[in-house]
Amino acid sequence: MKKDSSIKGMVFDIQKFSIHDGPGIRTTVFLKGCSLNCLWCHNPESKDESVEISFIPDKCILCGACVPVCRRGCHTIRDKMHVYDRSACIHCGACAAVCYAKALEVIGREMMVGEVLADVFKDMPFYEVSGGGMTISGGEPMMQFRFTKALLEAAAENKLHKCLETSGFASFSQFNQIRPLVDIFLYDFKESDPARHEEYTGVPLELPMKNLMELDKLGAKIVLRCPLIPGFNDRPSHFREIAGLAGRLSNVIEINILSYHPLGKSKSRNIGKEYPLGDKGFADESNVKTWVDEIQSMTKVPVKAG
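All residue numbers refer to position in the chain's written sequence, counted from 1. Residue-level local features of this predicted model are given only where pLDDT is at least 70; pairs of side-chain atoms are given and counted only at 80 or more, and the full residue set underlies all totals for whole chains, interfaces and linings. To obtain the side-chain values, all non-hydrogen atoms of the structure were included, while hydrogens and water were left out.

Could you give an account of the environment of A96, naming the residues involved and the relevant values?
For helices the rule is a DSSP run of H or I covering at least 4 residues; for strands it is a run of E covering at least 2, with both sets numbered from the N terminus onward. Its location among the elements puts A96 in helix α2 (residues 94–97). Separated by 16 residues in the primary sequence, A96 and K80 have C-alpha atoms spaced 20 Å apart. The contact criterion used is simple: two residues touch if any of their non-hydrogen atoms lie within 4.5 Å. A96 has contacts with L104, E105 and V106, leaving out every residue within four places of it along the chain.

Give a detailed account of the pairing of strand β11 (residues 222–228), specifying residues and quantitative values.
A regular strand places its side chains on the two faces of the sheet in alternate fashion. Each residue is placed in one exposure class: buried if its accessible area under a 1.4 Å probe, protein chains only, is under 20% of its type's maximum, exposed if it is over 50%, and partly exposed if it falls in between. With seven of its seven residues buried, β11 lies for the most part within the structure. Side chains I222, L224, C226 and L228 project from β11 onto one buried face, and the interleaved V223, R225 and P227 project onto a second face that is buried too. A pair of strands counts as paired when DSSP detects no fewer than two bridges linking them. Taken together, the seven bridges between β11 and strand β12 (residues 252–259) define a ladder with parallel strand orientation. The residue bridging P227 from the neighbouring strand is L258, located in β12. By convention, a crossover is right-handed whenever its connection, traced from the first strand over the helix to the second and viewed with the strands pointing away, goes clockwise. You can see the chain leave β11, run along helix α9 (residues 236–248) and come back into β12, and the turn it takes is right-handed.

Quick rundown of helix α5 (residues 145–157)? Include the residues and the values.
Helix span is expected to be 1.5 Å times the residue number reduced by one. For α5, with 13 residues, the first-to-last C-alpha span of 18 Å sits near the 18 Å given by 1.5 Å per residue. Along α5, the residues that are buried comprise F145, F147, T148, A150, L151, L152, A154 and A155. Positive phi appears at K159, one or two residues downstream of α5, with a value of about 60°.

Just give me the short version of the sheet that holds strand β13 (residues 303–305), but keep the residues and values in it.
On the basis of which strands lie adjacent, the open sheet formed by nine strands has the order β7-β1-β2-β8-β9-β10-β11-β12-β13 and mixed pairing. The open sheet terminates on both sides in strands that have one partner only, identified here as β7 (109–112) and β13. Between one strand axis and the next, the sheet turns by 30° as a mean value, whatever way the strands run. The pairing of strand β9 (residues 161–166) with strand β10 (residues 184–188) spans four bridges and is parallel. Residue pairing in the sheet places L164 in a bridge with F185 of β10. To get an axis, fit a line to the C-alpha atoms, keeping to the stretch in contact for a helix; angles then go from 0 to 180 degrees between the N-to-C directions. Set on the sheet, helix α8 (residues 206–217) makes contact with β10, β11 and β12; between it and β10 the angle comes to about 155°.

Function-wise, these values are silent; they only describe arrangement.
Below, the structure written as structure tokens:
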């Protein structure tokens, strides 16, 4: 690692032994900040670019250690209840530092490129035997473009396989800068209908589609990542568009069908945010198999769940 190892970014998780974010065994680096606001987001802690505090009341043992260390008086213990006033919180993390039960935790840590890669490189033997490597995810990694680019450059210097998961919502000039550094783009295709796309994600479809087409023209390897949410985009016309898009592009190597799960609900609650989809449950496994089979029947590109 050379000149860019000291560049800093906001990381909220580094997940080891990841097997669903690209080929082989991988380490996935999750960055904070997202330009989209998907109704079904399963990583709501990634949306905000800044540090957040997660509070899980069921873990709290009412020890009161957090009360005296909070300069803003955000924590009180009364009537055998822990009351956390988020409106006064400045996310300093002092409470989480003394929380023995881990009911309070800091979400987000500023890390240097060198720190992240040092952690990633610990599992190099696994990458070598499995054809794996590092995946950068989020949130939207392109929101921390300088940091993402520096991570990719440092990984390239060490001959590490690199995947980038992206919604495609960034300038093409940025994508073009990192294109030679990315081995596979894990590219989200959330909704084929422009009006629905904007309703469900908060952003227009035009820019992600334009960037996808340009990357394909330049020979970038692409995996289409398609989240399917019952009652929203699990319709035959969208399945046809997924298959048709894969057919029109020259460098799509795989289609991943990502079935809905409601884990974002508890995560949202823990960071004090509302979850738009309420009590919607997991997608039925039989439905997922049907989705995969229907899309596979319309394309030669391999279609996989997960």
